[in-house]
2 protein chains.
Amino acid sequence: MEFDLKKSLEILDKTPTVLEAMLQGLSDEWIFNNEGDETWSPYDVIGHLIHGEKTDWIPRLEIILAQQGGSKFDPFDRFAQFKNSEGKTLHQLLEEFKILRKHNLEIVRNKKLTNLQYTLKGMHPSLEEVTLAQLLATWVVHDLNHIAQVARVMAKQYKHEVGPWFEYLGILK
Amino acid sequence: MEFDLKKSLEILDKTPTVLEAMLQGLSDEWIFNNEGDETWSPYDVIGHLIHGEKTDWIPRLEIILAQQGGSKFDPFDRFAQFKNSEGKTLHQLLEEFKILRKHNLEIVRNKKLTNLQYTLKGMHPSLEEVTLAQLLATWVVHDLNHIAQVARVMAKQYKHEVGPWFEYLGILK
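Residues numbered from 1 in each chain as written. Chains lettered and ligands numbered in written order. Predicted model: local features only at pLDDT ≥ 70, side-chain atom pairs only at ≥ 80, totals over all residues. Heavy atoms only, no water.

Chain A appears in an unreviewed UniProt entry as DinB family protein from Chryseotalea sanaruensis.

This is the structure:
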């Protein structure tokens, strides 16, 4: 499947609703438990997605489109959510993510990007040259990655409860 | 986290809405593409979940509760969906799954299961002895496994589109 903006937006539009459907109203153990040391809970994941909306996807898109000063991206802070989410409920984070995402997708739609622009390049701090199409495709896959992660983290809370079925459940391994 | 019926039902209740939020209205490539030979598309997964509602979870629960004739489970057909879903739209499958799941969770709730009943055993065709609590915990993890699978199958459609970011995206490997 080749990169296509319309099809990418189909997924990006849905993610806040998907995560709300997965998490809203669950008991705390499903939301705040993680997979062990240095891993993230579903609550942490939503904070990470919020930080991405603020500092990653759109700022990098703007850097690529501007084509100035080597189009270098700022490094992304993968741990910012631990401070930024402090004192917020899951519900607040889900609402914040929904608003930020909606606003960001409006920015993307208003750009009316051309095929030529999709090939423009930016300089990633460690991956080096990447194109605008790759950035947008990565945004989609990054969403799906974290949806799968949230499902996996929750599944693992029942790792010991499934008994002999453990061996049939790839998600627990 | 120990098995708890109320917390299990929280997840089981949500799954039809989660899958609808993930899939409803997407372009065909997201829904019908799979991960390669002998793998399942999101469309196939919904058919599999429907077959589970009809032939797996509740029939096995009833077999365990009855405690008769060795409480042997029938084998589950992991490929039934390829025939049963024929001619149906994704929307029809999502609706069918939603109705079956709602009905099945009513059955579970109406049983008013006791702690003693959770320890009753059934005989799985290959795993042998399993308890009712393990069956119910597996139902939860099985849902989450397939939610993660749907996200992964969709993510893989953009495997080549993310360029150098491939190495950061665990879901693509």
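Caption draft 1: Quick look at the interface of chain A and chain B. On the side of chain B, 56 residues touch chain A, which itself brings 56 residues to the contact. Carbon and sulfur atoms supply 68% of the area that chain A and chain B bury against each other, a total of about 4,800 Å² over both sides. Looking only at chain A, the three residues that lose the most surface to chain B are Met1, Tyr158 and Trp165 of chain A, adding up to 18% of its buried area. Residue Glu29 of chain A pairs with Lys7 of chain B through a salt bridge whose shortest N-O separation is 2.3 Å. (Contact = heavy atoms within 4.5 Å. Buried area = accessible area lost by both parts, 1.4 Å probe. Salt bridge = Lys/Arg side-chain N within 4 Å of Asp/Glu carboxyl O.)

Caption draft 2: Local environment of the relation of the copies chain A and chain B. Screw-axis analysis of chain A against chain B gives a translation of 0.0 Å along the axis, an RMSD of 0.0 Å, and a rotation angle of 180°. On this basis, the relationship between the two copies can be described by a two-fold rotation axis. Minimal C-alpha separation from the rotation axis in chain A is found for Ala148 of chain A, amounting to 2.0 Å. A share of 100% of interface residues in chain A that are also interface residues in chain B marks the association as one of identical surfaces. (Least-squares fit on C-alpha atoms with pLDDT ≥ 70 in both.)

Caption draft 3: View of the pattern of salt bridges. Residue and element names in this part refer to chain A. Enumeration over the complete set of coordinates arrives at 30 salt bridges over all chains. For the salt bridge of Arg109 with Asp13, the shortest nitrogen-to-oxygen distance reads 2.7 Å. With Arg109 in helix α6 (residues 90–111) and Asp13 in helix α1 (residues 5–23), the pair connects residues that are 96 residues apart, well separated along the chain. Owing to a relative accessible area of 38%, Asp13 belongs among the partly exposed residues under this scheme. (Helix = DSSP H or I, 4+ residues; strand = E, 2+ residues; numbered from the N terminus. Buried < 20%, exposed > 50% of the residue type's maximum accessible area, 1.4 Å probe, protein only.)

Caption draft 4: Representation of the pairing of strand β1 (residues 121–124) of chain B within the structure. Residue and element names in this part refer to chain B. Residues Gly122 and His124 of β1 are buried on one face, while the alternating residues Lys121 and Met123, pointing to the opposite face, are not. As judged from the four bridges shared by β1 and strand β2 (residues 128–131), these two strands associate in the antiparallel manner. Bridge pairing in β2 places Gly122 opposite Val130. The turn joining β1 and β2, which pair antiparallel and follow one another in sequence, is formed by three residues. (Pairing = 2+ DSSP bridges.)

Caption draft 5: Quick peek at the side chain of His48 of chain A. Residue and element names in this part refer to chain A. Among the secondary structure elements, His48 is positioned in helix α3 (residues 42–55). Within the structure, His48 has its side chain in polar contact with the side chain of His146 (distance 3.1 Å). If we ignore the near neighbours within four places in the chain, the residues touching His48 are Trp40, Phe76, Arg78, Gln81, His142 and His146. (Polar contact = N/O pair within 3.5 Å; in protein donor to acceptor, adjacent residues only side chain to side chain.)

Caption draft 6: Examining the packing of aromatic side chains more closely. If you walk through the whole model with that rule in mind, you get 14 aromatic pairs over all chains. Taking the centre distance of 6.4 Å and the plane angle of 75° together, the rings of Trp40 of chain B and Phe82 of chain B count as edge-to-face. Residue Trp40 of chain B is found in the loop between α2 (28–32) and α3 (42–55), and its partner Phe82 of chain B is found in helix α5 (residues 81–84); the two are separated by 42 residues along the sequence. According to the relative accessible area criterion, Trp40 of chain B is buried, its value standing at 7%. Geometrically, the ring pair formed by Phe79 of chain B and Phe82 of chain B is stacked, given 6.4 Å between the ring centres and 20° between the ring planes. Of the residues examined, Phe82 of chain B reaches a relative accessible area of 38% and is grouped as partly exposed. Members of the aromatic cluster, connected to one another through ring pairs, are Phe3 and Tyr118 of chain A together with Trp30 and Tyr158 of chain B. (Phe/Tyr/Trp six-rings, centres within 6.5 Å; stacked < 30°, edge-to-face > 60°.)

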